[in-house]
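This is what each chain is made of:
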Amino acid sequence: MTIYLAICDNNIADRKQLERLLERQKDMRLRENYDVLYIDSFGSEEALMATPVKYDMFFIDVTEGSSTGMEIAKKLRSRGIDAPIVLCESTINYSSYVNAPDNIIYIEKPINKGQTSHLVDVALEWAKRKIPLVEARCQNETRFYKHTELIRAIPLERFVTRLCLENGEYLDISDSISSLEKQCRTYGCFVRCRKDLVNVFHITAATPNGFKLSNGDTVTYSIFQRRNIINTMAGNMRKLNRDQR
């Protein structure tokens, strides 16, 4: 199995030490289990935030600049990144923070071989069951969400689409509805209803030539879309039945 690990630490010596420990894990696991570890190392928040969605675990300790390690962890969670985050404590006691985000692991520096081995195991287990995220490029930020959270997508303009998420949030992304449909095609649970893109798992009731959705919205479909909608819903029912056996 392949996993991606990210280190973000403004202390160069600590960062290099963790890199060495993870590289040893990488070599050992490749020989013994054929697991592949990719390790990226960053010295700043800006570099880490460029492509955070790819990582299966974050090792963070930032004590200088505008954001601490805890604040970076909160930003990752606010963008929809739910991979495990390891806050490595040096001069900041991260575990004393209130309102910390979910799935945070606290560990004191210096980190040893046994701890890195255990943490890599945690990352591997998480990677086995993670749900791939969909990118949402908004005007001022990039967010990530699970496809299961998307109820409906509404085209507003040629390259502006509104996402309706199950938590009640609306995101306007700089992308066409056709491009979003291509991203979501692999999940097999999205259908077109007129110009909208709808997640069949958020359909709660039938209406004349349409559906009521879990957020209370109502959508309609054309007669030409009916067959594809039925086939998609039937395919997902078969898959659910197989998974429940």
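In this text the structure is predicted, and so the values were computed from the model without any measurement. (Residues numbered from 1 in each chain as written. Predicted model: local features only at pLDDT ≥ 70, side-chain atom pairs only at ≥ 80, totals over all residues. Heavy atoms only, no water.)

Draft legend 1. Fine view of the packing of helix α1 (residues 12-32) against helix α4 (residues 113-129). Running from N to C, α1 and α4 cross one another at 65°; their axes reach a closest spacing of 10 Å. Every pair of crossing elements has a handedness; the one defined by α1 and α4 is right-handed. Between α1 and α4, the contacting residues are Leu18, Leu21, Leu22, Gln25 and Arg29 on the first element and Lys113, Thr116, Ser117, Val120, Asp121 and Leu124 on the second. The residue makeup of the contact of α1 with α4, split by class, is five nonpolar, three polar and three charged. (Axes fitted to C-alpha atoms, helices over the stretch in contact; angles between N-to-C directions. Helix = DSSP H or I, 4+ residues; strand = E, 2+ residues; numbered from the N terminus. Left-handed = near helix turned anticlockwise from the far one by under 90°. Contact = heavy atoms within 4.5 Å. Nonpolar A, V, L, I, M, F, W, Y, C, P; charged D, E, K, R; others polar.)

Draft legend 2. Local environment of the sheet that holds strand β11 (residues 190-193). Taking strand neighbours across the sheet as the criterion, the five strands line up as β10-β9-β8-β12-β11 in an open arrangement whose pairing is antiparallel. Edge positions in the open sheet fall to β10 (170-173) and β11, since each of these has one partner strand only. Each strand of the sheet is rotated relative to its neighbour by a mean of 20°, with strand direction disregarded. Of the pairings in the sheet, the one linking strand β8 (residues 150-157) to strand β12 (residues 196-199) comprises two bridges and is antiparallel in character. When the bridges of β12 are listed, Ala153 appears paired with Leu197. (Pairing = 2+ DSSP bridges.)

Draft legend 3. Representation of the nonpolar core within the structure. With 27 residues, the main nonpolar core has Tyr145, Leu150, Leu163, Leu180, Cys193 and Phe211 as its most contacted residues. Secondary-structure elements contributing two or more residues to this core are β6 (133-137), β8, β9 (160-165), β10, α5 (177-184), β11, β12 and β14 (210-213). The contacts of Tyr145, once residues within four sequence positions are left out, are Leu133, Val134, Glu135, Ala136, Leu150, Leu163, Leu165 and Leu180. Within the second largest apolar cluster, 22 residues are counted, among which are Cys8, Leu48, Leu87 and Trp126. (Core = buried A, V, L, I, M, F, W, Y, C linked by side-chain atoms within 4.5 Å. Buried < 20%, exposed > 50% of the residue type's maximum accessible area, 1.4 Å probe, protein only.)

Draft legend 4. Representation of the packing of aromatic side chains in the model. Here the structure, examined in full by the defined rule, presents five aromatic pairs. Ring plane angle 15° and centroid distance 5.0 Å describe the contact between Tyr4 and Tyr38, whose orientation is recorded as stacked. Here Tyr38 lies in strand β2 (residues 36-42) and Tyr4 lies in strand β1 (residues 2-9), a separation of 34 residues in the sequence. Taking the relative accessible area as the measure of exposure, Tyr4 reaches 27% and is therefore partly exposed. Ring centres of Phe211 and Tyr221 lie 5.4 Å apart, and the angle between their planes is 35°; on these two criteria the pair is classed as tilted. Taken as a pair, Phe211 in strand β14 and Tyr221 in the loop between β15 (218-220) and α6 (226-244) lie far apart in primary sequence, 10 residues in all. In this pair, the class of Phe211 matches that of Tyr221, namely buried. (Phe/Tyr/Trp six-rings, centres within 6.5 Å; stacked < 30°, edge-to-face > 60°.)

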